[in-house]
Amino acid sequence: QSVDRMKLLSAIQAEAERQGICQDILLEINIGEEESKGGFRKDDIWDVLNVLPEMPNVRVKGLMAIPPISQNPGDNRKFFQEICNLSVDITAKRSDNVCMEILSMGMSDDFADAIACGSTMIRVGTAIFGPRNYTKSRP
């Protein structure tokens with residue numbers, strides 16, 4: 001669903017062209033600039049958008065971001081607002097294969113803040129299934 005680097009974006013373009021389709025994607029933004037997370041840096045997104053006209057088989061439908069883990073309610077609002085503002089700036093640029101219909105941000109602990117900042121897609125797995133158990137061994 002989300003694309004976090006140019007190499008993957010190019011591979012999706014090539015495969016979509018081979019299949020004769022236009023693939024919808026979200027651009028993943030590493031909004032907290034965390035080393036442990038993938039995603040485009042906010043400042044680098046303009047370089048990505050500049051190559052998209054050369055990728056007619058890819059259509060950007062929005063942005064996805066997972067901000068840093070917060071200790072206090074409301075701490076991530078600044079990151080959610082940055083993503084929302086970025087989507088407004090991208091919309092103003094008006095690229096043929098880019099539309100900001102989706103803002104995928106917010107998880108079980110912060111989805112209300114994300115929605116208040118414009119999120120249209122949230123991930124609430126922990127709220128539904130409970131916390132992950134990382135101690136289980138997998139077969």
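See above for the structure.
Quick look at the structure, then. The structure presented is a predicted model; accordingly, all values stated were derived computationally and were not measured.

**Description of the overall build of the protein**
Turning to step 1, where the next piece is worked out: When helices and strands are counted, the protein shows five helices and five strands.
Turning to step 2, where the next piece is worked out: The secondary structure elements of the protein, listed N-terminal to C-terminal, are β-α-β-α-β-α-β-α-β-α.
Turning to step 3, where the next piece is worked out: For the protein, the C-alpha radius of gyration of 16 Å lies close to 14 Å, the compact-globule estimate for 139 residues.
Turning to step 4, where the next piece is worked out: Along the longest, intermediate and shortest principal axes, the C-alpha atoms of the protein span 40 × 40 × 25 Å.
Turning to step 5, where the next piece is worked out: If you sum the accessible surface of the protein, you get close to 8,700 Å²; carbon and sulfur atoms cover 51% of it.

**Comments concerning the side chain of asparagine 97**
Turning to step 1, where the next piece is worked out: Summarising the element assignment, asparagine 97 is placed in the loop between helix 3 (77-93) and strand 4 (98-107).
Turning to step 2, where the next piece is worked out: A polar side-chain atom of asparagine 97 sits 3.1 Å from the main-chain carbonyl oxygen of methionine 55.
Turning to step 3, where the next piece is worked out: Not counting residues within four places of it along the chain, the set of residues in contact with asparagine 97 comprises Leu52, Pro53, Met55, Val58, Arg59 and Val60.

**Looking at the environment of glutamine 1**
Turning to step 1, where the next piece is worked out: Secondary-structure assignment places glutamine 1 in the segment before strand 1 (2-3).
Turning to step 2, where the next piece is worked out: A C-alpha to C-alpha distance of 5.6 Å links glutamine 1 and isoleucine 25, two positions 24 residues apart in sequence.
Turning to step 3, where the next piece is worked out: If near-sequence neighbours (up to four positions away) are discounted, glutamine 1 is found in contact with Ile25, Leu26 and Met121.

**Notes on unusual backbone geometry**
Turning to step 1, where the next piece is worked out: Here the phi dihedral of glutamate 33 falls at roughly 50 degrees; this positive angle occurs in a residue that is not glycine.
Turning to step 2, where the next piece is worked out: Secondary-structure assignment places glutamate 33 in the loop between strand 2 (23-29) and helix 2 (45-51).
Turning to step 3, where the next piece is worked out: Notably, arginine 94 is not glycine yet its phi reads approximately 55 degrees, a positive angle.
Turning to step 4, where the next piece is worked out: With respect to the secondary-structure elements, arginine 94 resides in the loop between helix 3 and strand 4.

**A word on the pattern of salt bridges**
Turning to step 1, where the next piece is worked out: Overall, the coordinates contain eight salt bridges when judged by the stated rule.
Turning to step 2, where the next piece is worked out: Here glutamate 15 ties to arginine 18 by a salt bridge, and the two come within 2.6 Å at their closest N and O atoms. Taken together, the residues span about one helical turn, with glutamate 15 and arginine 18 both in helix 1 (residues 6-19) at a distance of three residues.
Turning to step 3, where the next piece is worked out: Arginine 18 gets classed as exposed once you look at its relative accessible area, which sits at 63%.
Turning to step 4, where the next piece is worked out: The partner of arginine 59 in a salt bridge is aspartate 24, with the nearest N and O atoms 2.6 Å apart. Of this pair, arginine 59 sits in strand 3 (residues 58-65) while aspartate 24 sits in strand 2; the two residues are 35 residues apart in sequence, bridging distant segments of the chain.

**Observations regarding the pairing of strand 2**
Turning to step 1, where the next piece is worked out: Most of strand 2 is tucked away: five of the seven residues are buried.
Turning to step 2, where the next piece is worked out: Judged from the two bridges that link them, strand 1 and strand 2 form a sheet pairing that is parallel. Looking at the pairing, serine 2 lines up with leucine 26 of strand 2.
Turning to step 3, where the next piece is worked out: For the handedness criterion, the β-α-β arrangement of strand 1, helix 1 and strand 2 is classed as right-handed.
Turning to step 4, where the next piece is worked out: Once the chain exits strand 2 it traverses helix 2 before rejoining the sheet at strand 3, and the crossover so formed is right-handed.

**What about helix 1?**
Turning to step 1, where the next piece is worked out: Helix length check: helix 1, at 14 residues, gives a terminal C-alpha distance of 20 Å against a target of 20 Å (1.5 Å per residue), a fit within 8%.
Turning to step 2, where the next piece is worked out: Inspection of helix 1 places Leu9, Gln13 and Ala16 among the buried residues, and these make up the whole buried set. Around the axis of helix 1, the buried residues are gathered within 75 degrees of arc, so they sit on the same side. Of the exposed residues in helix 1, those oriented more than 90 degrees away from the buried face are Lys7 and Arg18.
Turning to step 3, where the next piece is worked out: For helix 1, the elements touching its buried residues are strand 1, strand 2, helix 2 and strand 3.

Conventions and cut-offs
- Residues numbered from 1 in each chain as written.
- Predicted model: local features only at pLDDT ≥ 70, side-chain atom pairs only at ≥ 80, totals over all residues.
- Heavy atoms only, no water.
- Helix = DSSP H or I, 4+ residues; strand = E, 2+ residues; numbered from the N terminus.
- Rg over C-alpha atoms; globule rule 2.2 N^0.38 Å.
- Areas by Shrake-Rupley, 256 points an atom, 1.4 Å probe, with all protein chains shown as cover.
- Polar contact = N/O pair within 3.5 Å; in protein donor to acceptor, adjacent residues only side chain to side chain.
- Contact = heavy atoms within 4.5 Å.
- Salt bridge = Lys/Arg side-chain N within 4 Å of Asp/Glu carboxyl O.
- Buried < 20%, exposed > 50% of the residue type's maximum accessible area, 1.4 Å probe, protein only.
- Pairing = 2+ DSSP bridges.
- Right-handed = clockwise from strand over helix to strand, strands pointing away.
- Expected span 1.5 Å × (residues − 1).
- Arc of directions from axis to C-beta.

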